[in-house]
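An overview of the molecular structure
Given next are the chains, with one letter for each unit.
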Amino acid sequence: MRWKHLPIVAFDTETTSLDPLKAELVGMSFCWSPTDAVYVPFGHTLEGLLDQGEQLSFEAVKAALGPILEDAKLGKVGSNLKYDLVVCRRHGIDLQGISGDTAILDYVLAAHERSHGLDTLASRYLSHKMTTYQTVSNSEERRFDQVPIDEATHYAAEDAQVAYQVHERLEPRLHVGGRRVEREVGRVRARAAKVCAT
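Rules and cut-offs
Residues numbered from 1 in each chain as written. Predicted model: local features only at pLDDT ≥ 70, side-chain atom pairs only at ≥ 80, totals over all residues. Heavy atoms only, no water. Axes fitted to C-alpha atoms, helices over the stretch in contact; angles between N-to-C directions. Helix = DSSP H or I, 4+ residues; strand = E, 2+ residues; numbered from the N terminus. Parallel < 35°, antiparallel > 145°, perpendicular 65-115°, else oblique. Left-handed = near helix turned anticlockwise from the far one by under 90°. Contact = heavy atoms within 4.5 Å. Nonpolar A, V, L, I, M, F, W, Y, C, P; charged D, E, K, R; others polar. Phe/Tyr/Trp six-rings, centres within 6.5 Å; stacked < 30°, edge-to-face > 60°. Core = buried A, V, L, I, M, F, W, Y, C linked by side-chain atoms within 4.5 Å. Buried < 20%, exposed > 50% of the residue type's maximum accessible area, 1.4 Å probe, protein only. Salt bridge = Lys/Arg side-chain N within 4 Å of Asp/Glu carboxyl O. Polar contact = N/O pair within 3.5 Å; in protein donor to acceptor, adjacent residues only side chain to side chain.

1. Quick word on the packing of helix H4 (residues 118-126) against helix H6 (residues 149-170)
Interaxial distance between H4 and H6 falls to 10 Å at its minimum, and their mutual angle equals 55°. The orientation of H4 relative to H6 falls into the category oblique. Of the two elements, H4 crosses H6, and the hand of that crossing is left-handed. Residues Leu-118, Leu-121, Ala-122, Tyr-125 and Leu-126 of H4 form the contact with H6, whose own contacting residues are Asp-159, Val-162, Ala-163, Gln-165, Val-166, Arg-169 and Leu-170. A breakdown of the residues in the contact of H4 with H6 according to their chemical character gives nine nonpolar, one polar and two charged.

Here it is as structure tokens:
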């Protein structure tokens, strides 16, 4: 995969906590087209996974993917990327090139809607029902690092793929409303960048 030739990549992290200041990285997912997505596991704690070659070490993944994530020229899109940015920074990865967040895009285009979460956007724009975290975690009885990799792969890759597809749907709509929408987008993006920098 020649990452540098891609216009954008959808990116998502899987972790052990909803609190970005406490969360430990378990894996990362990437999507670079409407139909191509992968999950890279490295923090699952089921016994023997590293020895059996079912996942890499975090150090190996950081060495291989860190330069891509830190490349400001490669646009990154996703959902609620402030969370991923904070988690990555805590793990020594300075995520750069954030160019679109589905939650922010939908807020600009549909501020009257009550929810801008990825599950909601998948249903609203793609007519797609996503696999829920409750499903893969047995109603949250296990953390994500305890989820078998085959189950985690479908869940995590779907997150990145849906983010990519929703971004594809919403981004062109920003330019339909003319300067008013463009000004609003600029204002929200500037505020989001300021928040992400803290």
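2. Overview of the packing of aromatic side chains
Applying the stated rule across the entire model yields six aromatic pairs. Three or more aromatic residues joined by ring pairs make a cluster, and in this case those are Tyr-39, Tyr-133, Phe-144 and Tyr-155.

3. What to know about the nonpolar core
Counting 24 residues, the largest nonpolar core has Trp-3, Phe-11, Met-28, Phe-30 and Leu-69 as its most contacted members. For this core, the secondary-structure elements that each account for two or more residues are strand E1 (8-15), strand E2 (25-33), helix H1 (58-69) and helix H2 (81-90). Residue contacts for Phe-11: discarding those within four places in its chain leaves Met-28, Ser-29, Phe-30, Leu-69, Val-77, Gly-78, Leu-81, Asp-84, Cys-88 and Leu-95. Counting residues in hydrophobic clusters, the runner-up holds 20 residues, among them Leu-105, Ala-110, Tyr-164 and Leu-170.

4. Concerning the pattern of salt bridges
What the rule picks out here adds up to six salt bridges. The partner of Asp-94 in a salt bridge is Arg-89, and the shortest N-O contact between them spans 3.5 Å. Here Asp-94 falls in the partly exposed class, since its relative accessible area comes to 32%. Here Asp-145 makes a salt bridge to Arg-143, at a shortest N to O gap of 2.9 Å. Each of Asp-106, Glu-113 and Arg-124 takes part in a single network of salt bridges with overlapping partners.

5. A few points about the side chain of Ser-29
Assignment of secondary structure puts Ser-29 in strand E2. Residue Ser-29 is classed as buried on the basis of its relative accessible area, which comes to 0%. Looking at Ser-29, its side chain comes within polar contact range of the main-chain oxygen of Ala-156, at 3.0 Å. When sequence neighbours within four positions are dropped, the list of residues in contact with Ser-29 reads Ala-10, Phe-11, Asp-12, Val-38, Tyr-39, Ala-156, Ala-157 and Ala-160.

6. Focus on the side chain of Asp-101
Locating Asp-101 in the fold gives a position in strand E5 (residues 98-101). Given the relative accessible area of 9%, Asp-101 is considered buried. Here the side chain of Asp-101 touches Leu-81 through a polar contact of 2.7 Å, landing on its backbone nitrogen. Not counting the four nearest positions on each side in its chain, Asp-101 is found in contact with Gly-78, Ser-79, Asn-80 and Leu-81.

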